[in-house]
Amino acid sequence: MIYRQKNVRILSGAIFTNEWSGYNMAQVDYQEAKNKLFSLYQQVLANINDDVRCVLNENTVNFDILFNSKTRSYREVLLGCALIHLIDPTVNVSLPYINHGEGSFNGRSLDEYAVNPFLQENLFPCSKGPYLAAFRRSVKLVSETGEGLRDKAGYSAMMDLLAVVEKCATKEQTETFLMGLLQRFIILRDASQIPLARVGRFSIEQYRQLLSELVRYQSGGLFPVLITVAFFQTIAEYHSLDWVISYQGINVADNATGVEGDVTIKEKGVTLMAIEITERPLDQRRIVSTFNTKIILNDVKEYLFVYTRAEPDNTAYQAARSLFTQGYEINFVNVVDLIINNFLAIPANVRGVFAEKMRFLLEYKDVPAAVKVRWNESIKNVLRI
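Fair warning: this is a prediction, and the values are worked out from it, not measured in the lab.

## Describing the side chain of D88
Relative to the assigned elements, D88 resides in the loop between α4 (72–87) and α5 (107–121). One buried charged side chain, D88, makes no salt bridge at all; its nearest oppositely charged neighbour is K171, positioned 13 Å away. Looking at D88, its side chain comes within polar contact range of the side chain of T90, at 2.6 Å.

Right, dumping it as structure tokens:
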């Protein structure tokens, strides 16, 4: 038998797939699947009935292990498996790739079009895609898979809960399990919404200590980006500048998205400056690469490299001087020095504006709880002196 690759089509805003036409696969309306999750979520918010409480109580240990795990993919995969079992109970939930054959399903597409959007829209901590983050291509959700995973306890808990899903013989039973699972997602989300400490009245040196500690923390580059954004927002507000300051997510490829840098400052639609925040070394090769892929393509006349660690080497400065003669202003600055040196030239009360800008940015839904905790701890450390 010849099996043809899946065909995905969009009709009236809804996404359908007939998976692999050689198999007897379920027709999945991903928008309707997401709507179903939202409907069950609304029911949980309104009331937790006795059946849901029973599911929570009977599976407390495994739920605790699963939701204490640092591997978000396990929770997200389980949610997708329970959802596909609700849509089509004949599906084999242990086969989340369509090349597994009869009874399999497209777990990655279900997550991409239904589960992950639902989690993001309702502010639940989630992965960027579980079938890329934790599981290898064509993985089967069987006990043997856990041997190659770091968090074996979390995977084992997921498998135990997956067995509960498979035993759900009716639509009502599956919905009840899903509502119990969503309740644990709600608890996880509420726990991650950490109140942020206020800076109060800090001296220049206290700010230097705070910023230095934040930059040293392994935040995946998030702290340096937010510090830079908050600083330029503060300058714009203090000088009443008509700036539009935008920034993109961490680890997003600039040349893939078409933006000029990590942070872009525009006025009346015209780019005034593009900023790249980096923890990697800066040398001639890096400057030339940035020029060819971002600066010249977007005709950015002023480009600022904000670095956190080692200073740019001599070849980086030489490249900048060469490009200056061609009409391009390229500069380098340490992120802490950028803030502190400018604080010396503005009134003390403006430093409080910067601190509030930082708090506002940290409250954004995509900021991990660990980063918020570090902000609070760093402020406490400064106050201990």
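## Notes on the packing of helix α2 (residues 50–58) against helix α8 (residues 171–192)
As a packed pair, α2 and α8 sit with axes 8 Å apart at the nearest point and diverge in direction by 65°. Accordingly, the angle class assigned to the pair α2 and α8 is roughly perpendicular. For the pair α2 and α8, the sense of crossing is right-handed. Residues D51, V52, V55 and L56 of α2 form the contact with α8, whose participating residues are T176, F177, M179, G180, Q183 and R184. Split by residue class, the contact of α2 with α8 holds five nonpolar, three polar and two charged.

## Considerations on the nonpolar core
One finds L78, L79, L110, F135, L141, M158 and F177 to be the most contacted residues of the largest nonpolar core, which totals 55 residues. Every element with two or more residues in this core is listed here: α1 (30–46), α2, α3 (60–68), α4, α5, α7 (152–166) and α8. Broken down by element, this core gets its largest block of residues, nine residues, from α4. Contacts of F135, omitting those with residues within four sequence positions, involve S73, Y74, V77, P130, L141, L149, Y155 and M158.

## Some words on the packing of aromatic side chains
One pass over the structure, following the stated rule, counts 20 aromatic pairs. Measuring from ring centre to ring centre gives 5.5 Å for F343 and F354, while their planes differ by 75°; the resulting arrangement is edge-to-face. Of this pair, F343 sits in helix α14 (residues 335–343) while F354 sits in helix α15 (residues 349–362), and the two are eleven residues apart along the sequence. On the basis of relative accessible area, F354 is assigned to the buried category, the value being 2%. Cluster of aromatic residues (ring-pair linked, three or more members): F38, Y41, F63, F67, F118, F124, F177 and F185. In this structure, K301 packs its charged tip against the face of Y328, placed 4.6 Å from the ring centre.

Rules behind the numbers
Here the residue numbers are simple positions, counted from 1 along each chain's written sequence. Since the coordinates come from a predicted model, pLDDT governs what is reported: local features require at least 70, and pairs of side-chain atoms require 80 or more to be given and counted, while whole-chain, interface and lining totals use all residues. Note that water and hydrogens are dropped before the side-chain values are worked out from all heavy atoms of the structure. Per the convention used, a helix needs a DSSP run of H or I reaching at least four residues, while a strand needs a run of E reaching at least two, with both numbered from the N terminus. Under the scheme applied here, a residue whose accessible area is under 20% of the maximum for its type counts as buried, over 50% as exposed, and between as partly exposed, the area being computed with a 1.4 Å probe on protein chains only. Positive charges come from Lys and Arg alone, negative charges from Asp and Glu alone, with His and the N- and C-terminal ends not counted. Salt bridges are defined as contacts in which a side-chain nitrogen from Lys or Arg sits within 4 Å of a carboxyl oxygen from Asp or Glu. We define a polar contact as two N or O atoms separated by no more than 3.5 Å, with the added condition that, inside protein, one atom must be a possible hydrogen donor and the other a possible acceptor, whereas residues neighbouring each other in sequence contribute only through side-chain atom pairs. Axes here refer to lines fitted to C-alpha atoms; in helices the fit is confined to the stretch in contact. Angles between the N-to-C directions go from 0 to 180 degrees. Orientation labels follow simple angle bins: below 35 degrees gives roughly parallel, above 145 gives roughly antiparallel, 65 to 115 gives roughly perpendicular, and whatever is left gives oblique. The crossing is said to be left-handed when, going from far helix to near helix, the turn is anticlockwise and less than a right angle, and right-handed when the turn is clockwise. Residues are treated as being in contact if the distance between any of their heavy atoms lies within 4.5 Å. Ten residues, namely Ala, Val, Leu, Ile, Met, Phe, Trp, Tyr, Cys and Pro, are considered nonpolar, four, namely Asp, Glu, Lys and Arg, are considered charged, and the remaining ones, Gly among them, are considered polar. What makes a nonpolar core is a set of buried Ala, Val, Leu, Ile, Met, Phe, Trp, Tyr and Cys residues whose side-chain atoms join them at distances within 4.5 Å. Ring pairs are drawn from Phe, Tyr and Trp, using the six-membered ring of Trp, whenever the two centres fall within 6.5 Å, and their geometry is named by plane angle: stacked under 30 degrees, edge-to-face over 60, tilted for the rest. We call a charge positioned over a ring when the NZ of a Lys or the CZ of an Arg lies within 6 Å of the ring centre and within 35 degrees of the ring normal.

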